[in-house]
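Analysis of the macromolecular model
Listed below, chain by chain, are the residues.
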Amino acid sequence: MPEQVESSSKLNVSSEIKPPSYDLTKFRLKRILNNNSKCKSITLLGTFPDLSETDAAIVVFEKNAYRESDVATEVSANKESESEPKPSYFTTDLQVRTDFINNIYASFQCVPTQQLCAVKGTVIYPATDKHIEKYSICQKYIINETPDLYKSVTLPYISSSQFSLDWVYNILEHKQETDRIVFEDTHPENGFILLPDLKWDGRNVENLYLLGIVRKRDIKSLRDLNASHLPLLRNLRQSAKQAILQRYGLNPTQLRMYFHYQPSFYHLHVHINPIRNDAPGIWCEKSHMLDTVINNLELVPDYYLRASMPFVLYEGNKLLDLYDEQLEVRTISTQQANEADDVGPEEAPEAFTDEEPEEARQCKRIKLSTPERDSNEAELVVTPCA
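Residues numbered from 1 in each chain as written. Predicted model: local features only at pLDDT ≥ 70, side-chain atom pairs only at ≥ 80, totals over all residues. Heavy atoms only, no water.

1. Here we look at the overall build of the protein
Along its length, the protein carries 10 helices and 15 strands. Across the 386 residues of the protein, 35% fall into the buried class. In the protein, of all internal contacts separated by at least 6 residues, the share reaching a separation of at least 24 is 61%. Accessible surface computed for the protein: about 24300 Å², of which carbon and sulfur atoms make up 51%. (Helix = DSSP H or I, 4+ residues; strand = E, 2+ residues; numbered from the N terminus. Buried < 20%, exposed > 50% of the residue type's maximum accessible area, 1.4 Å probe, protein only. Contact = heavy atoms within 4.5 Å. Areas by Shrake-Rupley, 256 points an atom, 1.4 Å probe, with all protein chains shown as cover.)

What follows is the structure in structure tokens.
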């Protein structure tokens, strides 16, 4: 059995968080890269002019997820002895402004106590062009990457222009972030380190987000996996689930474990979060479930060397430029254009509008649901909407 080490509050008591080289209050905004109303986050591009006028900085602010303890209205008996009560929304500190009240419905603007108003901030500095591309809103395209295209286009690109992996090696070598390690398996072949992703605040289990970073340094992505890696993948699946159950009390059957392709950095790592949490990057064009990856390799030992794998590239990515040279992914082909032109206005489905009476809508429903007939047959049928 591989030697395993699980972190505890007693470990790394001498660890210190080194202050950053920048002062966040001196950030100067250049432009907004993304304003996500659904995720309640905003991504900013700017600089720290007191350090450099040219080095780019990315700052992400996002509202913290709610914790169940923050909405508690009764204090449990074992917590009554605490000198300072935990903050709650339902206290006299809550400021309430009424927007409207209508019968049983009401809308308010609520400002809770200061402890509950914190905003999670993430900073990338200095940020590269690839970081800016990653955090920007832009057009996206699906690439169907064949094994030949991987070898001739993708692999040369990632070999020459990927993100630095120094921060990953710092974690694996215990040079940085040792106090954040949730679980560690030190086996050189099948081992990994489990720690929180930057997207998680490390507090609220409701939106838990962990990364499992493997120790082996020669596996860039799914494309490098084969049947010889099955012991590593199975150990990663089993040990991570056990560690999360012991540490956070989450049922293993409530966890989503998956790889990204393309990944944001090319050192094999698995993403882990609760299935009830709509985490970023879980859409079908990007995520590959760990269970499915294991099953594919059990069926076909070199599956990921032989499979065509679709993935998404966004406007501004240099890899998209390379694929555009090969496949013209930004260009609508002549055949596609002709097929679109063949559908005239008279053949397009009629749209419904709010102003139309129900009788007119029913006529359109009949037209949409009735198959076309040839001209001779059509003469024998009375049109219901005439």
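2. Focus: the packing of aromatic side chains
Taken as a whole and assessed by the stated rule, the structure comprises 11 aromatic pairs. Plain terms: the ring middles of F27 and F48 are 5.8 Å apart, the flat faces sit at 70 degrees to each other, and that makes the pair edge-to-face. Of the two residues, F27 sits in the loop between β1 (4-6) and β2 (28-36) while F48 sits in the loop between β3 (41-47) and β4 (56-63), which places them 21 residues apart along the sequence. For F27, a relative accessible area of 13% corresponds to the buried category. Looking at F48, the relative accessible area reads 0%, which means it is buried. Relative to Y248, the ring of W200 has its centre 5.7 Å away and its plane inclined at 75 degrees; by these criteria the two rings are edge-to-face. With W200 in the loop between β10 (192-196) and β11 (210-214) and Y248 in helix α4 (residues 230-248), this pair connects stretches of sequence that are 48 residues apart. Three or more aromatic residues joined by ring pairs form one cluster here, namely Y22, F27, F48 and Y125. Lying across the ring of Y209, K199 places its NZ or CZ 5.1 Å from the centre. The ring centre of Y169 lies 4.2 Å from the NZ or CZ of R217, which sits over that ring. (Phe/Tyr/Trp six-rings, centres within 6.5 Å; stacked < 30°, edge-to-face > 60°. Lys NZ or Arg CZ within 6 Å of the ring centre and 35° of its normal.)

3. Remarks on the nonpolar core
Counting residues in each nonpolar core, the largest one holds 60 residues, and the members touching the most others are L194, L210 and I272. When near neighbours in sequence (up to four residues on either side) are disregarded, L210 contacts V182, L194, L195, P196, D197, W200, I244, Y248, V270, H271 and I272. Formed by eight residues, the second largest nonpolar core is a distinct cluster that contains L33, A56, I58 and A127. (Core = buried A, V, L, I, M, F, W, Y, C linked by side-chain atoms within 4.5 Å.)

4. Some remarks on the packing of helix α2 (residues 147-161) against helix α7 (residues 318-327)
With their axes 10 Å apart at the nearest point, α2 and α7 run at an angle of 155 degrees to one another. When the axes of α2 and α7 are compared, the pair comes out roughly antiparallel. Helix-helix and strand crossings are classified by hand; for α2 and α7 the assignment is right-handed. Each of L149, Y150, V153, T154 and Y157 in α2 lies in contact with α7, whose residues at this interface are K318, L319, L322, Y323, Q326 and L327. Counted by class, the contact of α2 with α7 contains eight nonpolar, two polar and one charged residues. (Axes fitted to C-alpha atoms, helices over the stretch in contact; angles between N-to-C directions. Parallel < 35°, antiparallel > 145°, perpendicular 65-115°, else oblique. Left-handed = near helix turned anticlockwise from the far one by under 90°. Nonpolar A, V, L, I, M, F, W, Y, C, P; charged D, E, K, R; others polar.)

5. Some points on the environment of R217
Within the secondary structure layout, R217 lies in the loop between β11 and α4. On the basis of relative accessible area, R217 is assigned to the partly exposed category, the value being 43%. On a C-alpha basis, the gap between R217 and L268 in space is 8.0 Å, while along the polypeptide they are 51 residues apart. In this structure R217 touches Y169, L172, E173 and H267, once residues within four positions along its chain are discounted. Within polar-contact distance, the side chain of R217 engages the side chain of E173 at 2.8 Å. (Polar contact = N/O pair within 3.5 Å; in protein donor to acceptor, adjacent residues only side chain to side chain.)

6. Quick notes on the side chain of N317
Secondary-structure assignment places N317 in the loop between β15 (309-314) and α7. When neighbours within four sequence positions are excluded, N317 is seen to be in contact with E133 and Y157.

7. Points about a nonpolar patch on the surface
Taken together, L24, F61 and V119 make up a surface patch of nonpolar side chains, about 220 Å² in accessible area. Along the chain, F61 falls in strand β4. (Patch = residues over 30% accessible without salt bridge, like charges linked within 9 Å, V, L, I, M, F, W, Y side chains within 5 Å. Salt bridge = Lys/Arg side-chain N within 4 Å of Asp/Glu carboxyl O.)

8. Looking at α4
Here α4 contains 19 residues, and its C-alpha end-to-end distance of 26 Å stays within 8% of the 27 Å for a straight helix at 1.5 Å per residue. Remark: G249 follows α4 within two positions and exhibits a positive phi of approximately 75 degrees. (Expected span 1.5 Å × (residues − 1).)

9. Focus on α2
Look at α2: 20 Å from first C-alpha to last across 15 residues, which is about the 21 Å you get at 1.5 Å a residue. If you look at α2, its biggest bend is around 40 degrees, right at T154, and the proline P156 turns up within four residues after that. (Bend = angle between axes of the 7 residues up to and from the residue.)

10. Comments concerning the packing of α4 against helix α5 (residues 290-299)
At a closest axis distance of 10 Å, the pairing of α4 and α5 adopts a crossing angle of 155 degrees. Considered as vectors, α4 and α5 are oriented roughly antiparallel to each other. For the pair α4 and α5, the crossing hand works out as left-handed. Residues L230, L233, R234 and R237 of α4 form the contact with α5, whose participating residues are L290, D291, V293, I294, L297 and E298. Along the lines of polarity and charge, the residues of the contact of α4 with α5 split into six nonpolar, no polar and four charged.

11. Quick word on the confidence of the model for the protein
Per-chain confidence: the protein averages 82 in pLDDT, with 78% of residues scoring 70 or above. Here residues 6-15 is a poorly scored stretch, pLDDT under 50, and it has 12 contacts once near neighbours within four places are set aside; other chains count. Note that residues 373-386 has pLDDT below 50 and, in this model, four contacts with residues that lie over four places away or in other chains. (pLDDT = per-residue confidence, 0-100.)

12. Some details on the environment of L322
In this structure, L322 sits in helix α7. Setting aside its immediate chain neighbours within four residues, L322 contacts V153 and Y157.

13. Things to note about the sheet that holds β3
With antiparallel pairing, four strands are arranged side by side in an open sheet as β2-β3-β4-β7. The open sheet has two edge strands with one neighbour each: β2 and β7 (119-127). Mean inter-strand twist for the sheet, computed between neighbouring axes without regard to direction, equals 20 degrees. When β3 meets β4, the two strands line up antiparallel, connected through six bridges. (Pairing = 2+ DSSP bridges.)

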